[in-house]
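These are the residues of each chain, in order.
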Amino acid sequence: MKYLIVLVAGILLVAVGCKKNDTIAPPPTQPVNPADTSLQKMLPFKVGAAVNVNLMQNNTRYNNLVKAEFNSITAENAMKFGTLHPGQFTYNWTQADYLVSFAQANNKRVHGHTLIWHQSIPDWVTNFAGDSTAWENLMKTHIQTVVTHYKGKVTSWDVVNEALNDDGTMRNSIWRQKLGDDYIARCFQYAHQADPTALLFYNDYGHEYSATKRTAINNLLVSLKNRNIPIHGTGMQFHTRYNQTDANIAAAINTAAATGLLVHVSELDIAMNPDNVQGLVFTATLAEQQAAKYKFVVRTFKNIPQAQQFGITTWNVTDGDSWIPTQYNRPDWPLPFDRNYARKPAYYGMLEGAK
Ligand code: 9MR
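Owing to the predicted nature of the structure, the values given are computational and were not obtained by experimental measurement.

Definitions and limits used
Residues numbered from 1 in each chain as written. Predicted model: local features only at pLDDT ≥ 70, side-chain atom pairs only at ≥ 80, totals over all residues. Heavy atoms only, no water. Buried < 20%, exposed > 50% of the residue type's maximum accessible area, 1.4 Å probe, protein only. Helix = DSSP H or I, 4+ residues; strand = E, 2+ residues; numbered from the N terminus. Pairing = 2+ DSSP bridges. Core = buried A, V, L, I, M, F, W, Y, C linked by side-chain atoms within 4.5 Å. Contact = heavy atoms within 4.5 Å. Near = heavy atom within 4 Å. Polar contact = N/O pair within 3.5 Å; in protein donor to acceptor, adjacent residues only side chain to side chain. Areas by Shrake-Rupley, 256 points an atom, 1.4 Å probe, with all protein chains shown as cover. Nonpolar A, V, L, I, M, F, W, Y, C, P; charged D, E, K, R; others polar. Phe/Tyr/Trp six-rings, centres within 6.5 Å; stacked < 30°, edge-to-face > 60°. Lys NZ or Arg CZ within 6 Å of the ring centre and 35° of its normal. Expected span 1.5 Å × (residues − 1). Arc of directions from axis to C-beta. Axes fitted to C-alpha atoms, helices over the stretch in contact; angles between N-to-C directions. Parallel < 35°, antiparallel > 145°, perpendicular 65-115°, else oblique. Left-handed = near helix turned anticlockwise from the far one by under 90°.

Chemist: Describe the pairing of strand E3 (residues 109-116), with residues and values.
Modeler: Across the eight residues of E3, eight count as buried, placing the element largely inside the fold. In terms of strand pairing, strand E2 (residues 72-75) meets E3 through three bridges, oriented parallel. Counterpart to Thr74 in the pairing with E3 is His111. As paired elements, E3 and strand E4 (residues 156-161) share four bridges and run parallel to each other. Following the sheet pairing, His111 is matched in E4 by Ser156.

Shown next as structure tokens:
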């Protein structure tokens, strides 16, 4: 009898083992993301995500999702100054090169993020002692080395990121302190010299929550354009929240389009817990509110002149890898995929918005 039980158990185990590879009906926690639908197939403009290189390399489901859903990628951190250029004479291309190869192998656009920013500044820059000529040379060398390395492979760059304060004044970053307000214009010129075919963006946040800031940004960009500075696009980060008004979202997108530049919603996520409630639960009602907001962003974007639609990029891929819960130490669900890689109502909201 004992042997019979062992035998039957053995047969059952073998049977279960075989089933595993057939994947007939995935258990409820598995994603059900039919391959005939994807954001890249359904949206009439490029749709991207900011990706984490470690996850791309070590998590097959994450990698497969990026491959299936998006036709544009941005490096979440791999192309920042601190990652690429950790010592004055040291460049570390490994992670960023991996992403560019992935993009080439899978026919995806690469948007470069970001050349000059007040964050991700390595110590050697913070501690750099030199006159304004030496600082200018440092900035120019960084920009031109990076843009040249990826010439012809990276379509577009966030050349300068977050140079303005919320009140519309210039952020007093190390770059402004050392080089004056017009460092911004020169960054664009240096990038353009290194790759004349690259599309060059100014990237910032706050367009949807501050009329003052978006006006300052749009005025700055129009003035650069009028001076024939090679600037081609405006990146609006859109780290927004489910209760942001549609009127503000529309004003952000439409005034950006009125600059005549390419428009990139460059870091979209829609926070559901902006008040940092520790025990908050992501209910079906919240999910529907989020879907409506994603839909509105996509619909409004789709209605700007087509030639200006550079695309929409979400910041990260799933709720499980979003920067928000870590940054603000709270539960949140800002993205169109849940932590099990399954499509959320927000995903279908995006598809609806594109109709
Ligand atoms: O998501 C990024 C996070 O992993 C980094 O620690 C942080 C600092 O480099 O930057 C985050 O990405 C930011 C982006 O580069 C610029 N706009 C705001 C993004 C969220 O903070």
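Chemist: Describe the nonpolar core, listing the residues and the values that go with them.
Modeler: Ranked by size, the top nonpolar core spans 96 residues in total, and within it Met79, Trp157, Trp175 and Tyr183 carry the most contacts. The leading source of residues in this core is helix H10 (residues 183-194), at eight residues. Not counting chain neighbours up to four residues away, the residues in contact with Met79 comprise Leu84, Ala96, Val100, Val110, Gly112, His113, Thr114, Tyr150, Val154 and Trp157.

Chemist: Just give me the short version of the site of the ligand, but keep the residues and values in it.
Modeler: Close to the ligand lie 13 residues; Glu76, Asn77, Lys80, His113 and Glu267 are nearest. Contact distances for the ligand include 3.0 Å between an oxygen atom and a side-chain N or O atom of Asn77. Measuring from an oxygen atom of the ligand, one finds a side-chain N or O atom of His113 at 2.7 Å. Coverage of the ligand by the protein chains reaches 75% of its 450 Å² of free accessible surface. When its residues are assigned to classes, the shell around the ligand shows three nonpolar, six polar and four charged.

Chemist: Pulling in residues and values, what's your account of the packing of aromatic side chains?
Modeler: Within the structure shown, the criterion is met by 15 aromatic pairs. An angle of 85° between the planes, with centres 6.5 Å apart, marks the rings of Trp124 and Phe128 as edge-to-face. In this structure Trp124 comes out as buried when scored by relative accessible area, which is 15%. Since its relative accessible area comes to 17%, Phe128 is described here as buried. For the ring pair Trp135 and Trp175, a centre distance of 6.0 Å and an interplane angle of 80° mean the geometry is edge-to-face. Separated by 40 residues along the polypeptide, Trp135 in helix H8 (residues 132-149) and Trp175 in helix H9 (residues 174-179) bring together distant segments of the chain. Neither Trp135 nor Trp175 differs from the other in exposure class; each is buried. Ring pairing ties together the aromatic residues Phe81, Trp124, Phe128, Trp135 and Trp175, which thus form one cluster. Here Arg109 stacks its cationic end above the ring of Phe310, 3.6 Å away from the centre of that ring.

Chemist: How would you explain helix H6 (residues 94-105) if you had to name every residue and give the values?
Modeler: Given 3.6 residues to a turn, an α-helix orients residues that are three or four positions apart in the same direction. For H6, which comprises twelve residues, the first-to-last C-alpha distance of 16 Å matches the rise-based estimate of 16 Å (1.5 Å per residue) to within 8%. Along H6, the positions that sit buried rather than exposed are Ala96, Leu99, Val100, Phe102 and Ala103. Each buried residue of H6 sits inside an arc of 160° when the element is viewed along its axis, so together they form one side. Turned more than 90 degrees off the buried face of H6, the exposed positions are Thr94, Gln104 and Ala105. After H6 finishes, the residue Asn107 shows a positive phi value of roughly 60°.

Chemist: For the pairing of strand E5 (residues 199-204), give the residues involved together with the corresponding values.
Modeler: Across the six residues of E5, five count as buried, placing the element largely inside the fold. Note that E4 and E5 share five bridges and pair parallel. Residue pairing in the sheet places Trp157 in a bridge with Leu200 of E5.

Chemist: Got a sec to walk through the packing of helix H13 (residues 284-302) against helix H15 (residues 345-353)? Specific residues and values, please.
Modeler: Direction vectors running N to C along H13 and H15 enclose 30°, while the axes themselves pass 7 Å from each other. By the angle class used here, H13 and H15 are roughly parallel. Where H13 crosses over H15, the handedness of that crossing is right-handed. Residue-level inspection shows Ala287, Glu288, Gln290, Ala291, Tyr294, Lys295, Val298, Arg299 and Lys302 of H13 in contact with H15, the latter providing Pro345, Ala346, Gly349, Met350, Glu352 and Gly353. The class makeup of the residues in the contact of H13 with H15 is seven nonpolar, three polar and five charged.

Chemist: Can you explain the side chain of Lys344? Please cite residues and give values.
Modeler: Residue position: Lys344 is located in the loop between helix H14 (323-328) and H15. Note on Lys344: relative accessible area 5%, which makes it buried. When sequence neighbours within four positions are dropped, the list of residues in contact with Lys344 reads Phe282, Gln290, Asp319, Trp333, Pro334, Leu335, Pro336, Phe337 and Asp338.

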